[in-house]
Amino acid sequence: MAQVAISEIETVTKAALMAHGAGAWQAGEVARATAHSEAHGNVICGLQYVESYCVQLASGRVDGQVMPVVSRPKAAAILSDAQLGFAQPAFAAAKDQFCDLVDETGVAMLAVAQSHTCTSLGYFTEQIAQAGKLCIGFTNASPVVAAPNGKRRVIGTNPIAMSVPDGQGGLSVHFDFSTSAVALGKITMAKYAGEEIPLGWAVDAEGRPTTDPEAALQGALLSAGGYKGWGFGIMAEVLAAAMTGSVNSLDVGGLKLPDGPPHRLGQFYLAMDTGTFSDQFGARITRLLEAVAEDEGARVPGQGRVRETSVDVPQALWDKITGLAA
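Criteria and cut-off values
Every chain begins its residue count from 1, and numbering advances along the sequence as written. pLDDT decides what is reported in this predicted model: residues at 70 or higher carry local features, side-chain atom pairs at 80 or more are listed and counted, and totals for whole chains, interfaces and linings draw on all residues regardless. Side-chain metrics in this entry use all non-hydrogen atoms of the structure; hydrogen atoms and water are not considered. To sort residues, take the accessible area from a 1.4 Å probe on protein chains only and compare it with the maximum for the residue type: under 20% means buried, over 50% means exposed, and anything in between is partly exposed. By the criteria applied, helices consist of DSSP H or I runs no shorter than four residues and strands consist of E runs no shorter than two, each listed in order from the N terminus. Pairing between strands is defined by DSSP: at least two bridges between them are needed. To obtain an axis, a line is fitted to C-alpha atoms, over the contacting stretch when the element is a helix, and the angle between two such axes runs from 0 to 180 degrees between their N-to-C directions. In this analysis, two residues are considered to be in contact whenever any of their non-hydrogen atoms come within 4.5 Å of each other. Counted as salt bridges are all cases of a side-chain nitrogen of Lys or Arg within 4 Å of a carboxyl oxygen of Asp or Glu. Relative orientations are named as follows: roughly parallel for angles under 35 degrees, roughly antiparallel for angles over 145 degrees, roughly perpendicular for angles from 65 to 115 degrees, and oblique for any other angle. If you view the pair so one helix is near and one far, a crossing is left-handed when the near helix is turned anticlockwise from the far one by less than a right angle, and right-handed when it is turned clockwise. For this classification, Asp, Glu, Lys and Arg are treated as charged, while Ala, Val, Leu, Ile, Met, Phe, Trp, Tyr, Cys and Pro are nonpolar and the rest, including Gly, are polar.

### What to know about the pairing of strand E5 (residues 133-139)
Side chains on a regular strand alternate between the two faces of the sheet. Within E5, six of the seven residues are buried, which leaves the element mostly enclosed by the surrounding structure. In this structure, E5 lies alongside strand E10 (residues 265-273), joined through seven bridges in antiparallel fashion. Its bridge partner lying in E10, Leu 134 is registered against Met 272. Pairing of E5 with strand E6 (residues 160-165), which is carried by four bridges, proceeds in the antiparallel orientation. Within E6, the residue paired with Ile 136 across the bridge is Met 162.

As structure tokens, this is what we get:
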């Protein structure tokens, strides 16, 4: 393992992206998100994505130079068209205007359209909550999840995130989770480890529940909580694809494939002014948090999150990233 400062992760990631064709501003926004993921232990959305970013920049699957186009199609709606570029700069280009609009209208929508995968959805909702607004986000991904009683891959892991402000520039509640029972990567890890997977994670190619990771990889994932999670996954699909004018999960190739059509994914954010209807928002949240705290061992989502200043990175991975930067 290599002990690496979060600031160095951001610097080296930016250099790697620029070395493969990204503009300085675009690379900086993606690098900041990558470092944020590593700082909070979300390694799946951190450095593990950098090589695919670089490969797809070189192949043209993502445009690292394009500038997003921000418009206001309706009074309480903002659209940031990523123009087949990264999601992070498209969000950054619209964030301040979005926050101002929430102050003005009480509730507003932000659609990020035609973008590369956003990786960590909670990274974006967190920024809106830190500006004092409650924010819920939705996105979709390449198809890996089948309907209950089905076998065809129809939707992605389709994450949902919500961040609730604490009134002091921080978060009182924060969660970011996929609507699938498990990430596809966990099944891949079980395969390489020679381990079985629990029932309820996946079905094989014939739609039969399986504990065999190899059969699961040939089949499809299941939704978390059965039909309830499936409903949330469909909700994310409707908002991220249909509302933003982006693509269905069905029409997205593997997120890390080196080449192929651009992702063209969408993200949908709904933000609210917590003081619109009363001045009791903070008191109600405090009441909830205190009740949970009284129950030993219990916690609300996001409680106890710590931003690390340095993290352990597998040496082979860090060597790969520094090599890409060089």
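Moving on, there is more to tell.
### Focus: the sheet that holds strand E3 (residues 77-81)
Pairing within the open sheet is mixed, and its seven strands lie in the order E2-E3-E4-E10-E5-E6-E7. The strands lining the two open edges of the sheet, one partner per strand, are strand E2 (69-74) and strand E7 (171-177). The mean inter-strand angle of the sheet, taken between neighbouring strand axes irrespective of direction, is 15°. Two strands pair when backbone bridges link them, and strand E4 (residues 107-115) and E10 are joined in this way by seven bridges, in the antiparallel orientation. Residue pairing for E10: Val 107 is matched across the bridge by Met 272. This element, helix H4 (residues 87-105), spans E2, E3, E4, E5 and E10 of the sheet and lies at about 165° to E4.

### Quick notes on the pattern of salt bridges
Counted under the stated rule, the structure contains seven salt bridges. As a salt-bridge pair, Lys 320 and Glu 51 come within 3.7 Å of each other at their nearest N and O atoms. Of this pair, Lys 320 sits in helix H10 (residues 315-325) while Glu 51 sits in helix H3 (residues 50-59), and the two are 269 residues apart along the sequence. On the basis of relative accessibility, which here comes to 39%, the residue Lys 320 falls in the partly exposed class.

### Examining the environment of Gly 41
Within the fold, Gly 41 resides in the loop between helix H2 (24-39) and H3. As for Gly 41 and Ala 325, which are separated by 284 residues in sequence, their C-alpha atoms are 22 Å apart.

### Let's talk about the packing of helix H1 (residues 6-19) against H10
Closest axis-to-axis distance for the H1/H10 pair is 7 Å, and the angle between their directions is 50°. One finds that H1 runs oblique with respect to H10. Between H1 and H10 lies a crossing whose hand is left-handed. Contacts from Glu 8, Ile 9, Val 12, Ala 15, Ala 16 and Ala 19 of H1 reach H10 at Trp 318, Ile 321, Thr 322, Leu 324 and Ala 325. Along the lines of polarity and charge, the residues of the contact of H1 with H10 split into nine nonpolar, one polar and one charged.

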